[in-house]
Amino acid sequence: MNIVLLSGGSGKRLWPLSNNTLSKQFLKLLKNEHGEYESMVQRVMRQIKMAHPATNVFVSCNASQADMLQQQLDAVETIFEPSRRDTFPAIVLAAAYLYYEKNLDLHETFVACPIDTFAEDEYFQLLAKVEALVSSEQKKIGLLGALPTYPSEKYGYILQNKGTVTSFVEKPPCDKAEKLLAEGALWNCGVFAIKIGYVLEHARKYVDFDSYEQLYERYDNLLKTSFDYEVVEKEPSIGVVSYGGVWKDLGTWNTLTEEMESTSMGQEVLVSESCSNSHVLNMLNIPVVAQDLQDMVVVASHDGILVSTKQGSSFLKPLVEQIDLRPMYEQRRWGDYRVLDYMQAEGSSSLVKRMHIKAGEALSYQYHAQRSETWIIVNGDGVVTIDGNTSEVSAGSVVQIPRESKHSLFATTDLDFIEVQLGTGELGEEDITRIIE
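Residues numbered from 1 in each chain as written. Predicted model: local features only at pLDDT ≥ 70, side-chain atom pairs only at ≥ 80, totals over all residues. Heavy atoms only, no water.

S.K.: Would you take a moment to explain unusual backbone geometry for this structure?
M.R.: Note: most peptide bonds trans; most residues except glycine with negative phi. The omega torsion of the bond from Trp15 to Pro16 falls at 5°, within 30 degrees of zero and hence cis. By secondary structure assignment, the location of Pro16 is in the loop between strand S1 (2–7) and strand S2 (30–31). Phi angles above zero are rare outside glycine, and Glu137 is one such case at about 70°. With respect to the helices and strands, the residue Glu137 is situated in the loop between helix H5 (127–135) and strand S8 (141–146). (Helix = DSSP H or I, 4+ residues; strand = E, 2+ residues; numbered from the N terminus.)

Next comes the structure, spelled out in structure tokens:
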């Protein structure tokens, strides 16, 4: 079986812990059976491998998530999306990758599903039954639907008759959801089993291509919409497999905190006994004190501070979309960095970061067109390369890197340094040209 995990979302509903690079699926907030914290990505991959040890798993994601995927998953094969364009383009690109790059047949079936699903092991075992609906030619599309436990306004519903889909209802009001439950409707889990050729046929309505590279280059010509709207809701031949266990979308603080074992997390969190049904998460190195909170969630991170009722946290996204600030903290394959100061004035800009590189890791060999950099080594030892010349650095060393100079830094031991960027315009991660030698 071939499974494509869709990892395109930015998780703005879990702000301020999630951002464009540290999306919600990478947050380590839940514990596994050994009591260790794991991310949604790690949890889903573990459950798939338990259910289907021999299956081929691919992850479809934006290139900005590459470092986090490499850090959290071992040797997973990735399909990089040139831009964020919803699930229809992402599934099309995945189908093209399987056909052109992996040499699978056009009649081969694959299963596309979200990478951030919270469900029991049975859910992942049923993916084989969903795949069989299509591979056996019974249906053009196979879906997985969960038996609802309450009339939710947050989910889409599948109406079906003995496993054949008759219609869909998207996020109905509560009174209509109650009627749907009485009619035997299922929650739509966002799982699709489809044949490669079927998907590519739909893609050619928008783009002409004869290779994976051509489709990749013309990716932005594909309609920016969901696979549900563009394909599923227009297809008359659809089957659905029912799943009766726990299934949740942990995309809001309200639903996520229901599965968290502890009501507090982080350093210097002081929660009074007067608080009830409240969660406090602190990712800063300053104290957070909670007093007399009822049904609240408080989250403090380098990107901002959230104070909300749990119910109200479900409607966070429109507010967060008004925030136009760069991420202040990011984890990478080689370590992490935190923005200490950022100033932008007419004609000049400055950015100050505290950088940490793990022992044995390195910054890629790169140069910048818009900025110069000064590195002040605070702790640890390493080797700096500038335009092909190497030198050792340690605590107290100062390194000057002119604009357009090729440079890298290898950490012999755990290494911490302050990076001061001076340049023009917005000093972002886009001003990095990596050198491949």
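S.K.: I'm lost on the nonpolar core in this one. Help?
M.R.: For soluble globular proteins, the rule of thumb is that nonpolar side chains tend to be buried together. Counting 61 residues, the largest nonpolar core has Leu5, Tyr123, Leu144, Val191, Trp247, Trp253 and Leu256 as the members making the most contacts within it. Looking at which element gives the most residues to this core, the answer is helix H1 (residues 40–51), with 5 residues. When near neighbours in sequence (up to four residues on either side) are disregarded, Tyr123 contacts Thr117, Leu144, Cys189, Val191, Tyr243 and Trp247. Ala90, Ala94, Leu200 and Val232 belong to the second-largest nonpolar core, a separate cluster that totals 40 residues. (Core = buried A, V, L, I, M, F, W, Y, C linked by side-chain atoms within 4.5 Å. Buried < 20%, exposed > 50% of the residue type's maximum accessible area, 1.4 Å probe, protein only. Contact = heavy atoms within 4.5 Å.)

S.K.: Could you clarify how one ought to interpret the sheet that holds strand S16 (residues 279–282) in this entry?
M.R.: Paired through their backbone hydrogen bonds, the strands of a sheet run either parallel or antiparallel. Spatial strand order, S14-S16-S18-S19: 4 strands in an open sheet with mixed pairing. At either margin of the open sheet sits one strand with a lone partner, and together these are strand S14 (264–266) and strand S19 (304–309). On average, each strand axis in the sheet is inclined to that of its neighbour by 0°, with strand direction left out of account. (Pairing = 2+ DSSP bridges. Axes fitted to C-alpha atoms, helices over the stretch in contact; angles between N-to-C directions.)

S.K.: Would you mind showing me how to read empty space enclosed by the protein here?
M.R.: Empty space among the atoms becomes apparent when a probe as large as a water molecule is rolled across them. Scanning the model with the defined rule gives 1 cavity of 30 Å³ or more in all. Taken as a whole, the largest cavity holds about 30 Å³ of empty space. In terms of lining residues, the largest cavity is bounded by Leu27, Leu29, Leu30, Glu38, Ser39, Met40 and Leu256. Class assignment for the residues of the lining of the largest cavity results in 5 nonpolar, 1 polar and 1 charged. (1 Å grid on protein atoms, 1.4 Å probe; cavity = no way out; pocket = protein on both sides within 12 Å on 5 of 7 lines; lining within 4 Å. Points joined across faces, edges and corners; volume = space filled by probe spheres on them. Nonpolar A, V, L, I, M, F, W, Y, C, P; charged D, E, K, R; others polar.)

S.K.: Just to check I follow, could you spell out the state of the cysteines for this structure?
M.R.: Note on terminology: a disulfide is the covalent bond linking the sulfur atoms of two cysteines. Taken as a whole and judged by the stated rule, the model has 0 disulfides. Unpaired in this structure, Cys189 has its nearest cysteine sulfur neighbour in Cys113, at a distance of 10 Å. With a relative accessible area of 3%, Cys189 lands in the buried category. (Disulfide = S-S within 2.5 Å.)

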